[in-house]
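# Survey of secondary and tertiary structure
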Amino acid sequence: MHNWDDLRLFLAVARAESLSGAGKALRLDPATVGRRMSRLEKDLEVALFVKSPQGYALTSAGAQLMERAGAVEQVLRGASAAQAQDAGLSGQIRVGAPDGCANYLLPQVCAAIGAENPALDIQIVALPRVFNLSRREADMAIGVSAPTAGRLVVRQVTEYQLHLAAADSYLAAHGPIGDLEALRAHRMIGYIPDMIFDRELDYLADLGAARVPLASNSVSVQVNMIRQGGGVGVVHDFSLPFAPGVRRVLTDEVSLTRAFYLIRHADDARNARLARFADLLNAGLKAEVARLEAMVEREG
């Protein structure tokens, strides 16, 4: 096996599928990364990548090396975690999440974890799509459905509730919404239909909405459009404490339940450091959803 520094660079290129992506992740000049990869291929006397304008794709030999190098990486991470066990969590952990969770739940949960672990750097990547943990886009991810493919470890964190909601200003201007039939006369706010990345998010289709006059791929943008009196939309109950002047409507007719899942790569299953963080994240998210939803119920 080659020296770890070369393997570290190799893993970065393999996961980013480009020199520029690897260089950005490692804070190295892409040309330097390219020279190191050329040297590694020369030393090993085998082609590790197929280079093209689209990027760097692994050869069969490269795929074998990636598996072996990944195993070394896990051993080293495990050793570092064991050394830091008594001192609290440290280093960097990156969490991928859909932006509703990232905007309304993860900030306070991760702030609390960070306060208890001052040597830990937590990065939240908020993107409206499924994360690729095999490419190490994140150390773990929050999903709105449980993936069935890939070498992943998945556990359900908590269920959460969604309801239709509108701003007081909108209801004052357009009148109360008495039933689902009356809803058809109101402007709907929701996801851009062709950018819905998970079937669990296609709320308006289930309500029979044929048109979405105000749409965004971002949950927080949708909530802000509702706050501005733009129309009616489906919102997470846990977002409502952050949206004063917005109230739930037709709660008896429309009440949706979804769940968050904590997703990790199977290779990280024995990583004590990531396991400790995952436990803290799981407990924090569960408690925060319960707290925020209870606030909404108390307010009606």
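The coordinates are above.
Residues numbered from 1 in each chain as written. Predicted model: local features only at pLDDT ≥ 70, side-chain atom pairs only at ≥ 80, totals over all residues. Heavy atoms only, no water.

Bringing empty space enclosed by the protein into the picture now. Unoccupied space between atoms shows up once a probe the size of one water molecule is rolled over them. Taken as a whole and judged by the stated rule, the model has three cavities of 30 Å³ or more. Looking at the largest cavity, its volume works out to about 70 Å³. Along the wall of the largest cavity there are 13 residues; nearest its centre are Pro 98, Val 144, Tyr 191, Val 219 and His 236. If one sorts the elements of the lining of the largest cavity by residue count, helix H5 (residues 99–104) sits on top with three residues. Tallied by class, the residues present in the lining of the largest cavity amount to 10 nonpolar, two polar and one charged. (1 Å grid on protein atoms, 1.4 Å probe; cavity = no way out; pocket = protein on both sides within 12 Å on 5 of 7 lines; lining within 4 Å. Points joined across faces, edges and corners; volume = space filled by probe spheres on them. Helix = DSSP H or I, 4+ residues; strand = E, 2+ residues; numbered from the N terminus. Nonpolar A, V, L, I, M, F, W, Y, C, P; charged D, E, K, R; others polar.)

Put simply, helix H2 (residues 19–26) and helix H3 (residues 30–44) touch, their axes get as near as 8 Å, and they point 110° apart. Regarding the angle of H2 to H3, the classification is roughly perpendicular. Facing H2, whose interface residues are Leu 19, Ser 20, Ala 22 and Gly 23, H3 presents Pro 30, Val 33 and Gly 34. Residue classes in the contact of H2 with H3 are distributed as four nonpolar, three polar and no charged. (Axes fitted to C-alpha atoms, helices over the stretch in contact; angles between N-to-C directions. Parallel < 35°, antiparallel > 145°, perpendicular 65-115°, else oblique. Contact = heavy atoms within 4.5 Å.)

Turning next to the environment of Ala 31. By the secondary structure assignment, Ala 31 is in helix H3. Judged by relative accessible area, which is 39%, Ala 31 ranks as partly exposed. Note: C-alpha distance between Ala 31 and Gly 284 (253 residues apart in sequence) is 42 Å. (Buried < 20%, exposed > 50% of the residue type's maximum accessible area, 1.4 Å probe, protein only.)

A word on the pairing of strand E9 (residues 232–236). Of all five residues that make up E9, five are buried, and the element is covered over most of its length. A two-sided burial pattern is seen for E9, the buried positions comprising Val 232, Val 234 and His 236 on one face and Gly 233 and Val 235 on the other. Where strand E6 (residues 152–167) meets E9, four bridges bridge the pair, whose relative direction is antiparallel. Opposite His 163, over in E9, you have Val 235 as the bridge partner. The pairing of strand E7 (residues 188–190) with E9 spans two bridges and is classified as parallel. Of the residues in E9, the one forming a bridge with Met 188 is Val 232. (Pairing = 2+ DSSP bridges.)

Turning to helix H11 (residues 272–299), a few remarks are in order. Taking 1.5 Å of rise per residue, the 28 residues of H11 would be expected to cover 40 Å, and the 41 Å separating its terminal C-alpha atoms lies within 8% of that figure. For H11, the full list of buried residues reads Arg 273, Leu 274, Phe 277, Ala 278, Leu 281, Asn 282, Leu 285, Glu 288, Val 289, Leu 292, Glu 293 and Val 296. Taking the backbone nitrogen of Arg 273 as reference, a side-chain oxygen 3.1 Å away marks Asn 271 as the first, capping residue of H11. (Expected span 1.5 Å × (residues − 1). Polar contact = N/O pair within 3.5 Å; in protein donor to acceptor, adjacent residues only side chain to side chain.)

So, on to the packing of helix H1 (residues 4–16) against H3. Closest axis-to-axis distance for the H1/H3 pair is 10 Å, and the angle between their directions is 115°. Comparing the axis directions of H1 and H3 gives the class roughly perpendicular. Crossing of H1 over H3 shows left-handed handedness. Across from Asp 5, Asp 6, Leu 9, Phe 10 and Val 13 in H1, the residues of H3 making contact are Val 33, Arg 36, Met 37, Arg 39 and Leu 40. For the contact of H1 with H3, the class distribution of residues is six nonpolar, no polar and four charged. (Left-handed = near helix turned anticlockwise from the far one by under 90°.)

Here the focus is the nonpolar core. Residues Ile 142, Leu 164, Val 232, Phe 260, Phe 277, Leu 281 and Leu 285 are the most contacted members of the largest nonpolar core, which totals 58 residues. Ranked by residue count, the leading element in this core is H11, at eight residues. Beyond its immediate stretch of four places on either side in the chain, Leu 281 contacts Val 95, Leu 106, Val 109, Cys 110, Ile 113, Met 140, Ile 142 and Leu 262. Counting 17 residues, the second-largest nonpolar core is a separate cluster that includes Ala 14, Val 33, Met 37 and Leu 48. (Core = buried A, V, L, I, M, F, W, Y, C linked by side-chain atoms within 4.5 Å.)

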